[in-house]
Amino acid sequence: MAANHIYVLGLETSCDETAASIVEMPVENGAASGAGRILANQILSQIDTHAPYGGVVPELAARAHLSHLDRLIAAAFDEANMGLSDMDAIAATAGPGLIGGVLVGLTTGKALALAAQKPFIGINHLEGHALSARLTENIDFPYLLLLVSGGHCQLLSVAALGDYTLLGQTRDDAVGEAYDKAAKLMSLGYPGGPEIERRARDGNRTAHKLPRPLLNDNPTDEDGLPTHCDFSFSGLKTALRQTAEKAAPLDEAKVADLAASFEAAIGDCLTTQSRRAMQLFRHQSHKQVGGQGTLNFVLAGGVAANHYLRARLGATARDEDFNLFVPPPGLCTDNAAMIARAGAERFAAGQINAAPMAIAARARWPLNDL
Ligand code: KG4
Ligand code: ZN
C-alpha cells in the first residue's frame with residue numbers, strides 16, 4: 001500500500017515557550033513510514049518575561065500563553081498555507097508542566113477540535129521529546145533514549161509508540177535545572193544552559209575538581225549488568241557554589257574555568273550512565289531479537305542542544321556500537337512540532353482517548369505511566 005499523509009496541528013504551552021506547529025506525516029499500515037515534513041513551526045519564547053526573576057514565574061507564563069497562543073496558531077496556518085479544515089487531528093500538551101500554562105493549550109486545542117469536529121489528542125510533553133528525533137530522521141523503534149531537559153533527566157528504553165521503560169533517572173535535580181542553578185550562582189542569567197555552554201568554550205575543563213555523584217557506585221547483578229544508571233546533580237551544584245565562593249571575585253576567565261569544569265562533570269555523569277544503559281539495552285535487545293549489530297541511541301530535550309555534550313555522548317555511542325541521533329537544536333528545546341508529531345503517531349495508530357474532552361491537565365505525568 002502506498003503511503004498517505006496525515007496533517008496535525010500541535011500546541012505546546014507547558015513551560016515558557018508558546019508554540020503552534022503543523023506537521024505532515026507519511027502513514028503506512030497504521031504507523032509512521034518516515035520523517036515527514038514540518039510545515040509550520042511557530043515558537044514564541046518568554047525568556048524576556050522571566051529573565052528579571054531568574055526563572056520561570058508560573059503565573060506570568062500562563063498569562064503570556066493566553067495572550068499569544070491564538071496569534072501563533074493563525075501564523076502557523078499562514079506558514080503552512082492551510083486551514084483548520086485541512087487538519088486530520090488537533091494535539092496539545094496535557095502535561096507534565098506548569099498547570100496554568102498546560103490548561104491554556106489544552107483548552108484551546110479542545111475548543112478548536114470541537115468547533116471543527118476533529119479528533120483531539122492530549123499529549124504527554126515527554127512523549128513529544130521522546131519522539132522528536134523521528135521528525136527529521138528515519139529511526140525505527142526500538143531505541144535507547146536519553147531525555148535531558150529542565151525538568152527531567154532519564155534513560156528510557158523506547159520499545160514502541162507508547163511503550164517506555166525507565167532504565168535510570170535523576171535522584172534529585174534535572175540536568176537542565178543544574179545548568180540553570182549553576183548559571184544563577186555565577187550571575188549569568190536565565191536560561192543558564194546556553195550561557196554556560198558559551199562561557200565554557202573558553203575555559204579549562206580540568207581547572208577544578210568537581211564531584212561526579214554516583215559514578216563510583218556501580219553495583220552489578222549476577223549477569224554482570226549494572227543495577228542502576230541513575231544521576232544526581234545536587235551535590236555537584238553545591239560543590240560548584242563552594243568553588244565559586246573560594247574563587248571570588250569572579251572575572252571572565254574564572255567564570256569560563258568554572259563553567260568548563262562544571263560541564264566536564266556533567267559530561268562524565270551523562271556518558272557513564274548512558275554507557276551502562278547501553279549495556280542493559282543491548283542485553284535486553286539480544287533477549288528480544290537474538291541478533292548482534294548496531295543499536296540506536298537518541299538524545300532529546302533542551303540540554304541535548306549542547307554541542308559539547310552531544311560530542312561526548314557521540315563518542316560513547318561509537319565505543320558501544322550505537323548510532324547516535326540528535327534532533328537539530330531547535331527541536332531539542334520545547335516546540336510544538338514534537339507535540340504535533342506525537343499526535344500524528346497516536347492518530348495513525350488509533351491510540352486516541354475515547355473521551356478526549358475529559359482529558360485533564362496534569363502537573364506530573366511520568367512517561368512510563370503511559
Ligand atoms: O526541553 P526544554 O526546552 O524544556 C523543558 O521541558 O524543560 O529544556 C530547557 C532546559 C533549560 O534548563 C535550559 O537551560 C537547558 O534546557 N538548555 C541547555 C542548552 N539549551 C537549553 N542546557 C545546556 N546547554 C544548552 N545549549
Ligand atoms: Zn520540554
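Residues numbered from 1 in each chain as written. Chains lettered and ligands numbered in written order. Predicted model: local features only at pLDDT ≥ 70, side-chain atom pairs only at ≥ 80, totals over all residues. Heavy atoms only, no water.

Participant: I'd like a rundown of the overall build of the protein, residues and numbers included.
Facilitator: A count of helices and strands for the protein gives 11 helices and 11 strands. At 21 Å, the protein has a C-alpha radius of gyration in line with the 21 Å of a compact globule built from 370 residues. Summarising its shape, the C-alpha atoms of the protein cover approximately 60 × 55 × 30 Å along the three principal directions. Counting contacts in the protein only where the partners sit at least 6 residues apart, residues at least 24 apart contribute 74% of the total. On the protein, the mean spot of the 30 positive side-chain charges and the mean spot of the 40 negative ones are 4 Å from each other. (Helix = DSSP H or I, 4+ residues; strand = E, 2+ residues; numbered from the N terminus. Rg over C-alpha atoms; globule rule 2.2 N^0.38 Å. Contact = heavy atoms within 4.5 Å. Lys, Arg positive; Asp, Glu negative; His and termini not counted. Charge placed at Lys NZ, Arg CZ, Asp CG, Glu CD.)

Participant: Run through the site of ligand 1, naming residues and quoting values.
Facilitator: Taken together, 21 residues form the shell around ligand 1, and within it Gly-150, Asp-180, Glu-197, Gly-302 and Asp-334 come nearest. The separation between an oxygen atom of ligand 1 and a polar side-chain atom of His-125 is 3.2 Å. With respect to ligand 1, the side chain of His-129 contributes an N or O atom lying 3.2 Å from an oxygen atom. Look at ligand 1: alone it shows 550 Å² of surface, and the protein chains cover 89% of it. (Near = heavy atom within 4 Å. Polar contact = N/O pair within 3.5 Å; in protein donor to acceptor, adjacent residues only side chain to side chain. Areas by Shrake-Rupley, 256 points an atom, 1.4 Å probe, with all protein chains shown as cover.)

Participant: Which residues make up the pairing of strand β8 (residues 153-160), and what are the values?
Facilitator: The element β8 is extensively covered by neighbouring structure, given that 6 of its 8 residues are classed as buried. Inspection of the sheet shows β8 paired to strand β9 (residues 163-169) by 6 bridges, in the antiparallel sense. Opposite Ser-157, over in β9, you have Thr-165 as the bridge partner. The turn joining β8 and β9, which pair antiparallel and follow one another in sequence, is formed by 2 residues; a positive phi near 80° is taken by Gly-162. (Buried < 20%, exposed > 50% of the residue type's maximum accessible area, 1.4 Å probe, protein only. Pairing = 2+ DSSP bridges.)

Participant: Please provide a residue-by-residue account of the layout of surface pockets, values included.
Facilitator: Taken as a whole, the largest pocket holds about 1,400 Å³ of empty space. Lining the largest pocket are 49 residues, and of these Cys-15, Ser-149, Gly-150, Gly-151 and Asp-180 sit closest to its centre. Put simply, the parts of the chain that give the lining of the largest pocket at least two residues each are β4 (37-45), α4 (125-131), β8, β9, α5 (175-185) and α6 (192-200). Grouping the constituent residues of the lining of the largest pocket by class yields 19 nonpolar, 21 polar and 9 charged. Approximately 220 Å³ is the volume attributed to the second largest pocket. Lining the second largest pocket are 14 residues, with Gly-122, Asn-353, Ile-359, Trp-365 and Leu-370 positioned closest to its centre. (1 Å grid on protein atoms, 1.4 Å probe; cavity = no way out; pocket = protein on both sides within 12 Å on 5 of 7 lines; lining within 4 Å. Points joined across faces, edges and corners; volume = space filled by probe spheres on them. Nonpolar A, V, L, I, M, F, W, Y, C, P; charged D, E, K, R; others polar.)

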